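Fold and geometry: a report
Listed below, chain by chain, are the residues.
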Amino acid sequence: MRAQALVAVAFAAALSLVGCSSGTPAASPSASSGASTAPAGGAGGDVGVFTWWADGSEKVGLDALEKLFKEKYANDTFVNLAVAGGAGSNAKAKLAADLQNGNPPDSFQGHAGAELQDYIRADQIEPVNDIITALGGSSVFPQSLLDRLTVQGNIYSVPSNIHRANVVWVNPAVLKKAGITAEPADLDAWIADLGKLKAAGVSAPLSVAGTWTQVQLFETVLIADLGVDEYNKLFAASANWESDGVKKAVAHYAKLLSYANTASDGDDWPGATDAVIDGKAAYNVMGDWAVAEFTSKNKKDGEDYTYFPVPGTKGVFDFLADSFTLPKNAKNPGGAKDWLALIGSAEGQKAFNLAKGSIPARTDVPSSDFPAYQQSAMASFKSDKIAPSIAHGAAVSQAWNSDISSAISKFYGSKNQATLVSDLAAAAKKNAA
Ligand code: GAL
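Every value quoted in this text rests on a predicted model; they were computed, and no experiment measured them.

**Looking at the site of the ligand**
As a matter of local geometry, the ligand sits amid 14 residues, with Glu58, His111, Asp322, Lys356 and His392 nearest to it. Taking Trp53, its side chain carries an N or O atom lying 2.8 Å from an oxygen atom of the ligand. Contacts to the ligand include Asp322, whose side-chain N or O atom sits 2.6 Å from an oxygen atom. Here the ligand, which alone exposes 300 Å², has 100% of that area covered by the protein. Shared between two domains, the shell around the ligand takes at least three residues from each, and those domains are domain 1 (18-162 + 321-369) and domain 2 (167-312 + 397-431).

**Brief notes about the packing of aromatic side chains**
Applying the stated criterion across every chain yields a total of 26 aromatic pairs. A centroid spacing of 5.4 Å and a plane angle of 40 degrees characterise the contact between Phe69 and Tyr73, whose relative ring orientation is tilted. Like Tyr73, Phe69 is buried. On the basis of an interplanar angle of 25 degrees and a centroid distance of 6.4 Å, the ring pair of Phe319 and Phe381 is categorised as stacked. One end of the pair, Phe319, is in strand 12 (residues 316-320); the other, Phe381, is in helix 16 (residues 372-383), and 62 residues separate them in sequence.

**Some thoughts on the nonpolar core**
By size, the foremost hydrophobic cluster in this structure holds 73 residues, and its most contacted members are Val128, Val158, Ile162, Trp169, Phe319, Trp339 and Leu340. Examining the composition of this core, we find that six residues originate from one element, helix 14 (residues 333-344), more than from any other. Two domains share this core, each providing at least three of its residues, namely domain 1 (18-162 + 321-369) and domain 2 (167-312 + 397-431). Setting aside its immediate chain neighbours within four residues, Leu340 contacts Ser107, Val128, Ile131, Leu135, Val158, Phe324, Thr325 and Leu326. Leu217, Leu234, Phe308 and Ala425 belong to the second-largest nonpolar core, a separate cluster that totals 61 residues.

**Examining the environment of Pro371**
Relative to the elements of secondary structure, Pro371 occurs in the loop between helix 15 (346-356) and helix 16. Separated by 17 residues in sequence, Pro371 and Leu354 place their C-alpha atoms 8.0 Å apart.

**A short note on the domain arrangement of the chain**
By domain assignment, the chain separates into domain 1 (18-162 + 321-369) and domain 2 (167-312 + 397-431). Each of domain 1 and domain 2 was reduced to a C-alpha centroid, and the two centroids are 29 Å apart. Contacts between domain 1 and domain 2 engage 16 residues on the former and 12 residues on the latter. Summed over both sides, the interface between domain 1 and domain 2 buries roughly 1,100 Å², with carbon and sulfur atoms accounting for 53% of that surface. The interface formed by domain 1 and domain 2 holds five residue pairs in polar contact (both at pLDDT 80 or more) in total. Sorting the residues of the side of domain 1 that touches domain 2 by element identifies helix 2 (56-72), helix 4 (114-121) and helix 15 as the ones contributing at least two each. No other element matches the four residues that helix 4 contributes to the side of domain 1 that touches domain 2.

**Describing the packing of helix 11 (residues 244-257) against helix 17 (residues 398-414)**
Two numbers describe how helix 11 lies on helix 17: the axes approach to 11 Å, and their chain directions differ by 55 degrees. When the axes of helix 11 and helix 17 are compared, the pair comes out oblique. Note on packing geometry: the crossing formed by helix 11 with helix 17 is right-handed. Between helix 11 and helix 17, the residues in contact are Tyr253, Ala254 and Leu257 and Ile408, Phe411 and Tyr412, respectively.

**Some words on the sheet that holds strand 13 (residues 322-324)**
Pairing between the strands of a sheet comes from backbone hydrogen bonds, and it takes one of two forms, parallel or antiparallel. The mixed open sheet is built from five strands, whose spatial order is 2-1-3-13-6. Both outer strands of the open sheet, strand 2 (76-80) and strand 6 (158-159), are each paired with one neighbouring strand and no more. Here strand 1 (residues 45-50) pairs with strand 3 (residues 107-111) via two bridges, running parallel. Along strand 3, the bridge assignment pairs Val49 with Ser107.

**Some points on helix 8 (residues 187-199)**
Owing to its 3.6 residues per turn, the α-helix brings residues three or four apart onto one side. Taking 1.5 Å of rise per residue, the 13 residues of helix 8 would be expected to cover 18 Å, and the 18 Å separating its terminal C-alpha atoms lies within 8% of that figure. Looking at helix 8, one finds that the buried residues are Leu187, Trp190, Ile191, Asp193, Leu194 and Leu197. The arc that holds the buried residues of helix 8, viewed along the axis, is 155 degrees, so those residues lie on one side. Where the residues of helix 8 are buried, they touch strand 8 (167-170), helix 7 (172-177), strand 9 (206-207), helix 9 (211-226), helix 11 and strand 10 (283-285). Following helix 8 by one or two positions, Gly201 has its phi on the positive side, about 100 degrees.

Analysis parameters
- Residues numbered from 1 in each chain as written.
- Predicted model: local features only at pLDDT ≥ 70, side-chain atom pairs only at ≥ 80, totals over all residues.
- Heavy atoms only, no water.
- Near = heavy atom within 4 Å.
- Polar contact = N/O pair within 3.5 Å; in protein donor to acceptor, adjacent residues only side chain to side chain.
- Areas by Shrake-Rupley, 256 points an atom, 1.4 Å probe, with all protein chains shown as cover.
- Domains from an automatic or database assignment.
- Phe/Tyr/Trp six-rings, centres within 6.5 Å; stacked < 30°, edge-to-face > 60°.
- Buried < 20%, exposed > 50% of the residue type's maximum accessible area, 1.4 Å probe, protein only.
- Helix = DSSP H or I, 4+ residues; strand = E, 2+ residues; numbered from the N terminus.
- Core = buried A, V, L, I, M, F, W, Y, C linked by side-chain atoms within 4.5 Å.
- Contact = heavy atoms within 4.5 Å.
- Buried area = accessible area lost by both parts, 1.4 Å probe.
- Axes fitted to C-alpha atoms, helices over the stretch in contact; angles between N-to-C directions.
- Parallel < 35°, antiparallel > 145°, perpendicular 65-115°, else oblique.
- Left-handed = near helix turned anticlockwise from the far one by under 90°.
- Pairing = 2+ DSSP bridges.
- Expected span 1.5 Å × (residues − 1).
- Arc of directions from axis to C-beta.

As C-alpha cells, this is what we get:
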C-alpha cells in the first residue's frame, strides 16, 4: 500500500512536469451516459475503430477485443480501420488527415499524455467522463493515469493498457557463445558484453529497426545516464538538453549503435525482435509488445528468451499507455461508447493484455491471471519510478516527437554527436510548452 502511494506521488510528479493538468473530473455535458445505460447488445450500426495493430502479433490483441466486442455488443458491427506500421508510424498521418477532413473514425488509438493533449487542444475529441465513471473511475484506474487523460477537469479517453518501453529482450543461446551469464549492471558493462559478443563472431549483437525504435532506444539511454528525476525534467519549459548528462547519453548511444545492424528508416519492429528470436542478435530494446511476438513464434519465457530493464534503468518504468477516444462528429457515437465501455472493462482488459504483452490499466485485474512477464511488469509498475516515453506519446507532443525523430534519423547517418545534442536542444526550444 505504502509503496503504491509513493509510486502514485512519483507518477503524479512526473506527469505534472509534462504539462498535464490534473484534478477531479467534472461531469461532462457532452459525454453521454456511458456503459451503464447502453441498450443491451449495444447501440447498433458500424463501429469503425482506428489503430495501428494491423497485422502479425500486434493484431492478436485487437482480435481478442473484437471477439469480446461481438459477444457483448451483438447489435454492433466492428469495422477494423487499422493502418499497419509500428508506433503509428503510418497511421498517425492518415488519422490526422481524416480528422482534418471531418471524417473521423468512431474511435481511435492514442497515447495517454502529451500526444492526447494534441487532440484535445485541436478540439478533435470529446470528454468521456461518464464512461470512466461508469467503469469505476479512480477506484479502478490509477488517479495518476487519469490525470494524464484529463484537461480542465474532463477525461478524454479510456486507457486499454500500460506498456513498458525500457526492456532488453535477450537470446540466452547467443550469450552463451561469448560466455556471458550475468545481467550487465550498467551501460558500460553492457557495451563490454556487446564487445565480447562481436569478438565471438556475432556481427550485430544489438538489433534495431527504423527511426522510432532508435528514438525509444535513445530515451532509455537518457534515463540511464540522467537518472529518472533529471530525465523527467527534460520536458519542462526550462530544460537543459545540452547538459553533460545528455552528452554522455549521446556518446553511449553512439557506442551502442556501433554494435547494431544496419536499418532503414521504415524498418518495423518485428524484424528487430525476430533477429533475437532467430539468434542473429543477442539483444533488442523493445516495448513489451515484444512478448506477443515471442509467443506468436512459440518461444518460452526463461528458456528461449529472457529480459531485463535497460542497464542503468532498474527501478524505472519507462511508461506508455494506449487509450481510446471519442472523436468529435463520430458517425456512431453510441457504438463508440460501447467500444470504450468494453476496452475499459475488467474483462476487456484481461482479454486484451493477455494477448498484447502489456498490463491492464485497471488495478482490479488479478496479476495471477497473467504469465510471468506481465506479473513482473505489474510488480515493477507498482514499485518503480515512472518515466514517460518520448517515442510513444507520453512525454512530448507529436510535433516535438517528430523533431526528435528527425534528429535521431539524421544522427543515424552522420554519427555526429555534437549535432545531435544541438538538434535536440533546438527541438526542445521550439516545442517545450
Ligand atoms: C506503441 C503502442 C503499442 C504498440 C507499439 C508498436 O506506440 O502503444 O501498443 O503497438 O507502438 O507498434
